[in-house]
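Okay, here's what each chain looks like letter by letter:
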Amino acid sequence: MLALACGVALTASVPALAADDTYPTRPIKVIVPFPAGGTTDTLMRIVTPRLSKSLGQPVVIENKSGASATVGADFVAKAAPDGYTLLVGAAHHTIAQAVFAKLPYSFDRDLAPVGMMALVPNVVVVNAAVPAKSVQELVAITKANPDKYNYASAGPGSAHHLIGEMFKLRTGAQLTHIPYRGSAPAVADLLGGQVSVMFDTVTSSLPHIKAQKLRALAVTTAKRSSALPDVPTLAEAGVPNFDVGTWFGLMAPAATPPAVIEKLNREITAILKDPDVQKQLLSQGIEPQPGTSAELKARVTKELTEFSSLAKQAKLTVE
């Protein structure tokens, strides 16, 4: 009986070992659920060439945007669970599940976490025509002109949207939400003066802040951004207990073999710990934060609870 049991255990372990030894044997597609030019796209265009080299197969980015990143997530959730179609998951997805009335997939059930990749603080930015030089001044002028000022987001239910509504709830600021199909077109209109304010990721706004085309008032995380060390946090600017940023992690369809997930996690972690990669990411305002599959799963679970509660408090629902 002992010999038989050992034989069964050995046989059961063979598929996992084989998956790790043979994967991948063909190109891998990584779905970036936003248009080119945004933070998610920037992150992956730094990481994927190195992932291609380490895995020995092409890793191809496909931008599949729409509905606050849920179009791309739905595509991957319904893909074959073989490790050849992956998603760059983000805070946008846990927020979307909390605020969308209906989604064609479940982020925590239909997608498997591979591992954390990075964290990017969001930053309160205004265009040159907005006179506010501080968060308090911004709140004051919007209250005095309740129909004049608006804020852009990467779409209904995106991190930009949730942070904007949190900001309004905590400060009483009067800002009208204007949704876009991704961060890049929203920033373009912010620069053009069509919108006044944005709670953007540091990465996509950083070049315009440095060029003094946009004015940074505060970052939305508990700690200052390493890319904007002179910009205060919202807590420092008078809005206490505000700590929301945009995380990014790699996801795969549920039922993807554990050995495949483990291999992808090892390769991504090694890439993100490379000093040259870290330097390149930090220069873009992206803070590398490699982590395990279990750590990403815990983050997703925690945020789904927190954001659902916040959405109810703010009466925030997207049909």
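Scroll up to find the structure.
As a starting point, this report considers the structure included with it. All figures in this text were calculated on a predicted structure; none of them were measured in a lab.

Right, let's talk about unusual backbone geometry for a bit. The amide bond that connects Tyr 23 to the next residue, Pro 24, takes the cis arrangement and shows omega of -5°. Summarising the element assignment, Pro 24 is placed in the loop between helix H1 (2-22) and strand S1 (28-32). Residue Asn 241 is not a glycine yet carries a positive backbone phi of 55°. Along the chain, Asn 241 falls in the loop between strand S8 (214-219) and strand S9 (245-253). Asn 241 gets classed as exposed once you look at its relative accessible area, which sits at 70%. At Ala 255, a residue that is not glycine, the phi angle is positive and equals roughly 80°. Looking at the secondary structure, you find Ala 255 in the loop between S9 and helix H10 (258-272). Judged by its relative accessible area of 67%, Ala 255 is exposed.

The subject of this paragraph is the packing of aromatic side chains. Evaluated as defined, the whole model comprises three aromatic pairs. Judged by centre distance (5.3 Å) and plane angle (65°), the rings of Tyr 23 and Tyr 84 are edge-to-face. You can see Tyr 23 sitting in the loop between H1 and S1 and its partner Tyr 84 sitting in the loop between helix H3 (70-77) and strand S3 (85-90), a full 61 residues away along the chain. The residues Tyr 23 and Tyr 84 share a single accessibility class, namely buried. Geometrically, the ring pair formed by Phe 167 and Phe 199 is tilted, given 5.2 Å between the ring centres and 50° between the ring planes. Taken together, the positions of Phe 167 in helix H7 (residues 159-171) and Phe 199 in strand S7 (residues 197-201) put the pair 32 residues apart, joining distant regions of the chain. Comparing Phe 167 with Phe 199 shows no difference in burial state: the two are buried. Among the aromatic side chains, those forming a connected cluster through ring pairs are Tyr 151, Phe 167 and Phe 199.

For S7, a buried count of five out of five residues is recorded, marking the element as mostly surrounded by other parts of the structure. In terms of strand pairing, strand S4 (residues 111-127) meets S7 through five bridges, oriented antiparallel. Within S7, the position partnered with Val 124 by the bridge is Phe 199. As paired strands, strand S5 (residues 150-153) and S7 are joined by two bridges and run parallel to one another. Bridge assignment links Ala 152 to a residue of S7, and that residue is Met 198.

The terminal C-alpha atoms of H10, which comprises 15 residues, lie 21 Å apart, in line with the 21 Å expected from a rise of 1.5 Å per residue. If you check which residues of H10 are buried, you get Ala 259, Val 260, Ile 261, Lys 263, Leu 264, Asn 265, Glu 267, Ile 268, Thr 269, Ile 271 and Leu 272.

This brings us to the side chain of Thr 220. Positionally, Thr 220 belongs in the loop between S8 and S9. Overall, the relative accessible area of 0% leaves Thr 220 in the buried class. Excluding residues that lie within four positions of it along the chain, Thr 220 makes contacts with Asn 122, Val 123, Val 124, Ile 163, Leu 234, Phe 242, Asp 243, Val 244 and Gly 245.

Evaluation of the coordinates by the stated rule reveals nine salt bridges. Between Lys 168 and Glu 165 there is a salt bridge; the shortest N-O distance is 3.5 Å. Here the residue Lys 168 and the residue Glu 165 both occupy positions in helix H7, the gap between them amounting to three residues, near one helical turn. The class of Glu 165 is buried, set by a relative accessible area of 15%. The salt bridge partner of Lys 302 is Glu 306, with a shortest N-O separation of 2.8 Å. Here Glu 306 and Lys 302 lie together in helix H12 (residues 293-313), a separation of four residues that amounts to about one turn.

Definitions and cut-offs
- For every chain, the first residue of the written sequence is number 1, and numbering continues from 1 onward in sequence order.
- This being a predicted model, a pLDDT of at least 70 is required before a residue's local features are given, and a value of 80 or more before pairs of side-chain atoms are given or counted; all residues contribute to the totals for chains, interfaces and linings.
- Processing note: side-chain calculations cover all non-hydrogen atoms of the structure and skip hydrogens and water entirely.
- Numbering goes from the N terminus for both helices and strands, where a helix is a DSSP run of H or I of at least four residues and a strand is a run of E of at least two.
- Each residue's exposure class comes from its accessible area (1.4 Å probe, protein chains only) as a fraction of the maximum for that residue type: buried when under 20%, exposed when over 50%, partly exposed otherwise.
- Two rings from Phe, Tyr or Trp (for Trp, the six-membered ring) form a pair when their centres are within 6.5 Å of each other. A pair whose planes differ by under 30 degrees is stacked, one over 60 is edge-to-face, and the rest are tilted.
- Only strands joined by at least two bridges in the DSSP assignment are considered to pair.
- A helix is expected to span 1.5 Å for every residue after the first.
- Pairs of residues are marked as contacts when any of their non-hydrogen atoms sit within 4.5 Å.
- The term salt bridge refers to a pairing of a side-chain nitrogen on Lys or Arg with a carboxyl oxygen on Asp or Glu at a separation within 4 Å.

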